[in-house]
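Notes for the structure review
Letter by letter, the chains look like this.
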Amino acid sequence: MENAREWEDAALAALLPLPDAQANKYSRGRLVVVAGSAQYPGAACLAAGAGQRAGAGYTEVFCAPEAVGTVRAFRPSLVVRSWEGLPAAGFPASAAGRPVAFVVGPGFAADDAACRRLALAVLERAQAPVVVDGGALDVLATPEGRSLLARRFAQGLPTVATPHGGEAARLARPLDLPTGDPGALARLLSLAYGAIVVAKGPDTHVSDGDASAAVRCGTPALAKAGTGDVLAGVLGALLAQGVEPFGACVLAATLHARAGKCAAARLTDVCVVAEDVMEALPEAVAALLARR
């Protein structure tokens, strides 16, 4: 897209949320990750772990009951529960001094009715920013999903959709939107669905329907399963720390791409896996902080 803006490092660095000296785990942001089906528990691990690395103070995971043990073992600092208890646990609302954000969909099976119900429940009940990723994206194109997106938009609740090329094409299909230009498609999807769209690819395009940005520092090292889950967790963590939504999307995509490059510098484009990208996030953050 011709008029997509590329953000300078100084502007991105200014968005990085640094903890206040009096901060506590709740003031630093509560990230709720609803992810990880029985088939794909690793997606919940990657999204939640990346959220911790990106600064969220309190990260909890609601996953399939079969996945609880795997996610707990992955990182003991995560609070992990079965998603069967999510309705009873409630949906914490974002409030002054206690910001909250949700990530829903990593590791969801798109054709699983329980996953669809969970995605719709988060869109309906979360009074906080929501990142919709992975298997939850198809829900957005349903009548129920579009109705909930419209309600969230009217209430001023940010929703972010993070499709890769194939997922973006599926969201475009019911509306007969042209898919040839990824940047233009991101804008059209944003306007159609009332969400900020992060269209992932070799170049990642972000649009809220008015403003558009391009992140062109990607690497083929990121073309591995699970790296999208890492991006979703980083983005959710930035939103949970109160970063302005459009800027959070650009910052998350930039940190994700640069973490991929940091990992590839050590391990080569061939050998990098999603876990390496997650563990390289501190290096990408430190390099950007140096530009403040």
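Residues numbered from 1 in each chain as written. Predicted model: local features only at pLDDT ≥ 70, side-chain atom pairs only at ≥ 80, totals over all residues. Heavy atoms only, no water.

As for empty space enclosed by the protein
- A full pass over the atoms with the stated rule returns one cavity of 30 Å³ or more.
- Approximately 30 Å³ is the volume found for the largest cavity.
- Taken together, Leu123, Glu124, Arg125, Ala126, Gln127, Arg151, Arg152, Gln155 and Leu157 form the lining of the largest cavity.
- For the lining of the largest cavity, the secondary structure elements donating two or more residues are α5 (113-125) and α6 (143-155).
- Each residue belonging to the lining of the largest cavity can be placed in one class, and the counts come to three nonpolar, two polar and four charged. (1 Å grid on protein atoms, 1.4 Å probe; cavity = no way out; pocket = protein on both sides within 12 Å on 5 of 7 lines; lining within 4 Å. Points joined across faces, edges and corners; volume = space filled by probe spheres on them. Helix = DSSP H or I, 4+ residues; strand = E, 2+ residues; numbered from the N terminus. Nonpolar A, V, L, I, M, F, W, Y, C, P; charged D, E, K, R; others polar.)

What to know about the packing of aromatic side chains
- Evaluated as defined, the whole model comprises four aromatic pairs.
- Arranged with centres 5.5 Å apart and planes meeting at 85°, the rings of tryptophan 83 and phenylalanine 108 form a pair that is edge-to-face. Of this pair, tryptophan 83 sits in the loop between β3 (79-82) and α4 (86-89) while phenylalanine 108 sits in the loop between β4 (100-104) and α5, and the two are 25 residues apart along the sequence.
- The class for phenylalanine 108 is buried, based on a relative accessible area of 6%.
- We note arginine 5 situated over the ring of tryptophan 7; from NZ or CZ to the ring centre the distance is 4.4 Å.
- Over the ring of tyrosine 193 we find arginine 146, and its NZ or CZ is 5.3 Å from the ring centre. (Phe/Tyr/Trp six-rings, centres within 6.5 Å; stacked < 30°, edge-to-face > 60°. Buried < 20%, exposed > 50% of the residue type's maximum accessible area, 1.4 Å probe, protein only. Lys NZ or Arg CZ within 6 Å of the ring centre and 35° of its normal.)

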